[in-house]
Amino acid sequence: MTIKTPSARKGAANRSGTIDASDAIPLRYGDDPYVWACWLYYEDGMTQGEIAEAMGVSRATVNSYLADAREKGIVNISIEPARLASLTIAQELKRHFGLTDCLVVPSDDNARPLIDRLGAAGAQALPKLLKSGDTLAVAWGRTVLSVGEHAGIASLQDMTVVQATGGTTASFAYTPELCASAVARAISARCVNITAPAVVKSPELLHMLLEEPLVQEQFATLARANRVLFGISSLRPNSTIHTSGFFESVSLQDYLAAGAVGVVAGRFIDERGRPVAGPLDHRTVGISLDLLRKIGTRIAVAGGFDKVPALLAALRGGYVNVLITDAATGHAILRADGVTALDAKLSHRPKLVQTPSSYRTHVKKFLNNPNEVVEEMLDGAVKAHEIYLQPINGSHRALVARNGPRPGKVGLVIGGGTGHEPCFLGYVGKGLADAVAVGNIFSSPPPDPIVQCAEAASGGEGVLFVYGNYAGDVMNFEMAAEIAEEKGIKVKTVLTTDDVASSPVEDREGRRGVAGNFFIFKIAGAACDRGLSLEACEAVTQKANLRTYTVGVALEPGSMPQTRRHNFEIGPDDMEVGMGIHGEPGVTRERIRSADEITDSIMDRIFKEMKTAPGERVAVLVNSFGATPLMELYILFRRVQQRLAAKDILIEANWIGHYCTSLDMAGASITILHLDQELSDLLHHPCETAFLKVN
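Given the structure is predicted, the values throughout are model-derived calculations rather than measurements.

**Considering helix α15 (residues 327-336)**
Given 3.6 residues per turn, any residue in an α-helix points the same way as the ones three and four places further on.
For step 1, the next point in the chain: Across the ten residues that make up α15, a large majority, nine, are buried.
For step 2, the next point in the chain: Within α15 the residues assigned to the buried category are Ala327, Ala328, Thr329, Gly330, His331, Ala332, Ile333, Leu334 and Arg335.
For step 3, the next point in the chain: In this structure Asp326 caps α15, since a side-chain oxygen of it lies 3.4 Å from the backbone nitrogen of Ala328.
For step 4, the next point in the chain: Taken from the residues just after α15, Gly338 is the one with a positive phi, measuring 85°.

Structure follows, in structure tokens:
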């Protein structure tokens, strides 16, 4: 090891001509160039060239300092266990689904968009997957384009890239044509485009197009493809398939009702990966699922919580044999397919010892007939809160506020499944929601009661629908909105998307709506009660949604009344961060930590997205998932207050208790509403419901 000391620092004096060598290193680092160089490199994030400039030495000397520091043990480089776990997840994905290869990007802290990271990973994988002379079919999507933008392979020869589907008229940057061109450019390949629309008007037109010699030649090239690169689309409202124009002439409900959960190269598949028949079957121009499955190397690049069902379906259907995803998504896919042994492996602990079946097989509950639990609960709730709630047409599935709707006022309709009490029926009353549609446990209400609610809430100025971003809710509320419009009721919709953990920040619109519903409903209800126009109510509710941040942590599973069994499993020493309110998988499963440490991890995640300045104000909700008592919630709130105070952020209002539960799950969520004056005024607007009173 060579110690670079006085001679290296003399360079600074020579360069400036005025600075003495002994002054080149700031006093706080003493006389140790290793500490100085390491601090600038690892803590300040400077490049070696920048450090050389700062220290007045050569770049080679800086490189030597960093290498020597590692040898001397001044710097210890460690890899987080969570990142190592990604390797385990990749191996398990390969084994479980029989994949040829799998690359799993470690989950990180949202500092860089997931699509960007997956694109870089896909670009790194391509040199290993492609050979000179290949014909690569390329589908479209944001992730596929990202692969093309990151790739750069000059060593391949005689490559052909062929567009896997027809084109679209969409204005986004990841059209089929642009994706194929980007990948072709990156690997110096000849690009063959499909010169036809992705969706045509009729089966007859499709037949005529495929008879054209030029298109026939292009499809012949597609049939020769020995590799294919594609993304996988969910059916969420902000998914690629929605924005690409596929649903301009047909309804998404046609596919959802038939069980579709995802889309591969413009083709719909169900949860087992089977093709889903629909109105686009004989109008879609592009690679068929049968042809795709026959291609030797089938590379799927996709990630994100919302894509787990679609990815699992594509894997089950055999459309993928090379998967590139991220650790959180990979873990969720495995869990969704029943691979729970991995949880213990990732946490480096032995498998759980099974409880003897003779001891306890069911969770104790106060029940009569489990099949009538929802009806009996609603009957009790309506009787208990009859001063606020009134059944519409005698049905407990559609309830209207006794003092809510009035002529000249925009009506607010909320709704969702049961199992989250007091959400949603607890927020119906004067100054808040005018009506609520109620579904079965964790299930969306059907369209009919939603329409009844719209009619009951209507005061002639339109109705605002506000509900969580879940496929079933979206489908049924959209159908109800169409019916209501036919009845002359103008409808606007706001989907709540406050669950920070459910999708990366660049996919904000794809997130779930969870306990933050509480704040968003409150703002919407106040706006309606103040007599704002429908458009103004929608705008301020959208603003509230965008400024609401929630993260939940589960300690124990909930249990379903019908089975009296847990709806998922979690280890005795584990917790799950980012858990959904229906038991949806979280982001990470790790050993349980202290209340302050858990709160800090939640607040750190929220602070990364919520841009605040000293002196600003927030509202806080610490919500129990059902089984966690107030004692523990107050402990969490204590730390929330400390973290906010450290940033000089004032808590203007807070609520602590059961506001959006998940049956009897043990756990809690923390929600922060970032206030401005408009939201603050609406938050304090008076309301009176069964579970919320603001005077």
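**Structural notes on the pattern of salt bridges**
For step 1, the next point in the chain: Considering all chains together, one arrives at 25 salt bridges under this definition.
For step 2, the next point in the chain: Of the charged contacts, one joins Asp434 and Lys409 as a salt bridge, the two residues approaching to 2.5 Å between their closest N and O atoms. Separated by 25 residues along the polypeptide, Asp434 in the loop between β14 (429-430) and β15 (435-441) and Lys409 in the loop between β12 (395-401) and β13 (411-418) bring together distant segments of the chain. Of the two residues, Asp434 and Lys409, neither departs from the other in class, the shared state being buried.
For step 3, the next point in the chain: Arg511 is paired through a salt bridge with Glu609; the nearest N and O atoms lie 2.6 Å apart.

**Structural notes on the packing of aromatic side chains**
For step 1, the next point in the chain: Enumeration over the complete set of coordinates arrives at ten aromatic pairs.
For step 2, the next point in the chain: Between the aromatic rings of Tyr34 and Tyr65, the centroid separation amounts to 5.7 Å while the plane-to-plane angle is 65°, which identifies the pairing as edge-to-face. Note that Tyr34 is positioned in helix α2 (residues 33-43) and Tyr65 in helix α4 (residues 59-72), a separation of 31 residues in sequence. An identical accessibility class is assigned to Tyr34 and Tyr65; each is buried.
For step 3, the next point in the chain: Plain terms: the ring middles of Phe518 and Phe519 are 5.3 Å apart, the flat faces sit at 65° to each other, and that makes the pair edge-to-face.
For step 4, the next point in the chain: For Phe519, a relative accessible area of 0% gives the class buried.
For step 5, the next point in the chain: Linked through ring pairs, Tyr427, Phe518, Phe519, Trp655 and Tyr659 together constitute an aromatic cluster.
For step 6, the next point in the chain: It is Lys647 that lies over the ring of Phe607; its NZ or CZ is 4.7 Å from the centre.

What counts and what doesn't
Residues numbered from 1 in each chain as written. Predicted model: local features only at pLDDT ≥ 70, side-chain atom pairs only at ≥ 80, totals over all residues. Heavy atoms only, no water. Buried < 20%, exposed > 50% of the residue type's maximum accessible area, 1.4 Å probe, protein only. Helix = DSSP H or I, 4+ residues; strand = E, 2+ residues; numbered from the N terminus. Polar contact = N/O pair within 3.5 Å; in protein donor to acceptor, adjacent residues only side chain to side chain. Salt bridge = Lys/Arg side-chain N within 4 Å of Asp/Glu carboxyl O. Phe/Tyr/Trp six-rings, centres within 6.5 Å; stacked < 30°, edge-to-face > 60°. Lys NZ or Arg CZ within 6 Å of the ring centre and 35° of its normal.

These figures capture arrangement, not role.
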